[in-house]
Amino acid sequence: MGQDFLVPKMRPHAVSIFAEMSRLAVDTNSINLGQGFPDTDGPQELKDEAARCIASGRGNQYPPPNGFPELRLAIAAHQKRFYQIDIDPDTGVVATTGASEAIASSLLALVEKGHEVVFFEPAFDVYRAIIDLTGAIPVGVPLQKPDFRPDIQALAEAITPATKVLLLNSPHNPSGIVFNREELSAIASLVIEHDLIVISDEAYEHLWFDSHIHIPISTLPGMFERTITIGSGGKSFSFTGWKVGWASGPQPLISAVKSVRQHLSYVSGGPFQLAIAAGLGLPDQYFNEFRRGLSAKRDQLCAGLEHIGMRVIPTEGTYFVTTDISPTGLLPTGWSSHECWLKNVRLLRSHTKFSPSQVKTLKNMSDGLSAKNLKSSQKPLNEFTLFLESEIEFHSHRTTEIRSAGSSHGSHSLCPLEVTGAADYCDGTPKTGVCCSPTFRKGQALAINRQSKD
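1. What to know about helix α1 (residues 17-27)
(1) Moving on: Residues Ile17, Phe18, Glu20, Met21, Leu24 and Ala25 constitute the buried set of α1. One face of α1 carries all of its buried residues, which in axial projection span an arc of 155°. In α1, the exposed positions that point more than 90 degrees away from the buried face belong to Val26 and Asp27.

2. Comments concerning the pairing of strand β4 (residues 163-169)
(1) Moving on: Of all the seven residues making up β4, six are buried; the element is thus mostly covered by neighbouring parts of the structure.
(2) Moving on: With five bridges connecting them, β4 and strand β5 (residues 197-201) associate as parallel partners. If you follow Leu168 over to β5, its bridge partner there is Ser200.

3. Some points on the pairing of strand β2 (residues 116-121)
(1) Moving on: With six of six residues buried, β2 is to be regarded as a mostly interior element.
(2) Moving on: Of the two faces of β2, the one holding Glu116, Val118 and Phe120 and the one holding Val117, Phe119 and Glu121 are both buried throughout.
(3) Moving on: Summarising the sheet, β2 and strand β3 (residues 137-142) pair through six bridges and their orientation is parallel. In the strand pairing of β3, Glu121 is matched with Pro142.
(4) Moving on: Each parallel crossover has a hand, and the one from β2 via helix α5 (residues 126-134) to β3 is right-handed.
(5) Moving on: Sheet topology places β2 next to β4; four bridges connect them, and they run parallel.

4. Points about the sheet that holds strand β1 (residues 93-97)
(1) Moving on: With mixed pairing, seven strands are arranged side by side in an open sheet as β1-β7-β6-β5-β4-β2-β3. The two strands at the open ends of the sheet, each matched to only one other strand, are β1 and β3. Taking the axes of each pair of neighbouring strands and ignoring which way they run, one obtains an average angle of 20° across the sheet.
(2) Moving on: Relative to strand β7 (residues 244-248), strand β6 (residues 227-232) runs antiparallel, the two being bridged by four bridges. Looking at the pairing, Ile230 lines up with Ala247 of β7.
(3) Moving on: Contacts from helix α9 (residues 251-261) reach β1, β5, β6 and β7 within the one sheet, and its direction differs from that of β1 by about 35°.

5. Looking at the packing of helix α4 (residues 98-110) against α5
(1) Moving on: The N-to-C vectors of α4 and α5 enclose an angle of 30°; their axes lie 9 Å apart at closest approach. What the angle tells us is that α4 and α5 run roughly parallel. Crossing handedness for the pair α4 and α5: right-handed. Only Val126, Tyr127, Ile130, Ile131 and Thr134 of α5 make contact with α4, whose side of the interface consists of Ser100, Ile103, Ala104, Leu107 and Leu108.
(2) Moving on: Of the residues in the contact of α4 with α5, the class split is eight nonpolar, two polar and no charged.

6. Here we look at unusual backbone geometry
(1) Moving on: In this chain, Lys145 is followed by Pro146 through a cis amide linkage whose omega measures 0°.
(2) Moving on: Across the junction of Ser170 and Pro171, the peptide omega takes the value -10°, indicating a cis bond.
(3) Moving on: Checked against the element boundaries, Pro171 lands in the loop between β4 and α7 (181-193).
(4) Moving on: Even without being a glycine, Lys243 presents a positive backbone phi close to 55°.
(5) Moving on: Along the chain, Lys243 turns up in the loop between α8 (233-237) and β7.
(6) Moving on: For Lys243, a relative accessible area of 37% puts it in the partly exposed group.

Conventions we followed
- Residues numbered from 1 in each chain as written.
- Predicted model: local features only at pLDDT ≥ 70, side-chain atom pairs only at ≥ 80, totals over all residues.
- Heavy atoms only, no water.
- Buried < 20%, exposed > 50% of the residue type's maximum accessible area, 1.4 Å probe, protein only.
- Helix = DSSP H or I, 4+ residues; strand = E, 2+ residues; numbered from the N terminus.
- Arc of directions from axis to C-beta.
- Pairing = 2+ DSSP bridges.
- Right-handed = clockwise from strand over helix to strand, strands pointing away.
- Axes fitted to C-alpha atoms, helices over the stretch in contact; angles between N-to-C directions.
- Contact = heavy atoms within 4.5 Å.
- Parallel < 35°, antiparallel > 145°, perpendicular 65-115°, else oblique.
- Left-handed = near helix turned anticlockwise from the far one by under 90°.
- Nonpolar A, V, L, I, M, F, W, Y, C, P; charged D, E, K, R; others polar.

Here is the structure:
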């Protein structure tokens, strides 16, 4: 029929960057590093628990609409254990099909046409898509260059009488920062002053490094009663395919989330809910070793990136490492999105020769980050090939989105570094992020996912 049946408000979101990256990974025989998921499974005891539940028939049929009592009790106990937050498991918790459904349910329950939702950018692309679904107006507030810290003054200026919700994400995807207590306190003051509701996406709550301890904003004075906190079993236990998430908080807010969520997926993942419930009760040793393992990969990757000339922004949490690749010459200098008005532009293909020492570094990164210690390819890592396919869209005067996807062509032996999330703020300097979670293998192509906001 040749007709576009998609409603106009969803056309900017017609192709998810994750679907694009998965397609490119298959087309180029690449490891898919354009999506935040680990390269190894989580604890064996959780897999065993899920298998036992399936074999015994527990959860194979519809679970309770708000989640199994075992899971809701475990979530409440988890919030008390780690954060001293008291939650009623019956009225203050709802299980969801992943954290994304918890975000969707919360936004659909709380905002509509005429409302505004404020959030820091760059951000998880689901945020804008869901806000557009609600009919509300997305208002992005750029994180400050060069290290992606929240700009409290800019946040204050972005809030209007129409603002109803602050969508907060810490540890932050994709910048890798963790908001500190001073920043959260300043944000909380604005929230209380303007009587806002906070949807706090804390999917990466157990992925913080060094001394950058995750602090839920709901633990700050005056914030619990106005905060929906979102968690992810997939991110906390490396079972992203199980899609077990949740929302917790005060009864009036969670009741609103429940009302919407029951009309989305209704229920899902019965046996997996029970397995994640067991995971939430694992000893501290698990959570400590989980962070240490990813922290070691982060350190090795960052050292390698710095050695080949990239400026690495210190990663405080999440799966992501953010880098400034402009010193490598792989992207045009002085590129300002304000000077561009491009639609579906194939932008750049460049082959950059590395010195022998840089090649050695890339080899070491590839070998060292492989959890399975795979045998190395016979071909040397002598080229780093980027192919960017960009789409730049202007959204009023507030924000510009740049989406890029990378692939490679030919039979080159390439270093598979993932680029996920970035900013190209007022100075026009292209920046990209690199995921430090998946296994790296040599002889496979580079996959890129770049989002840029101005």
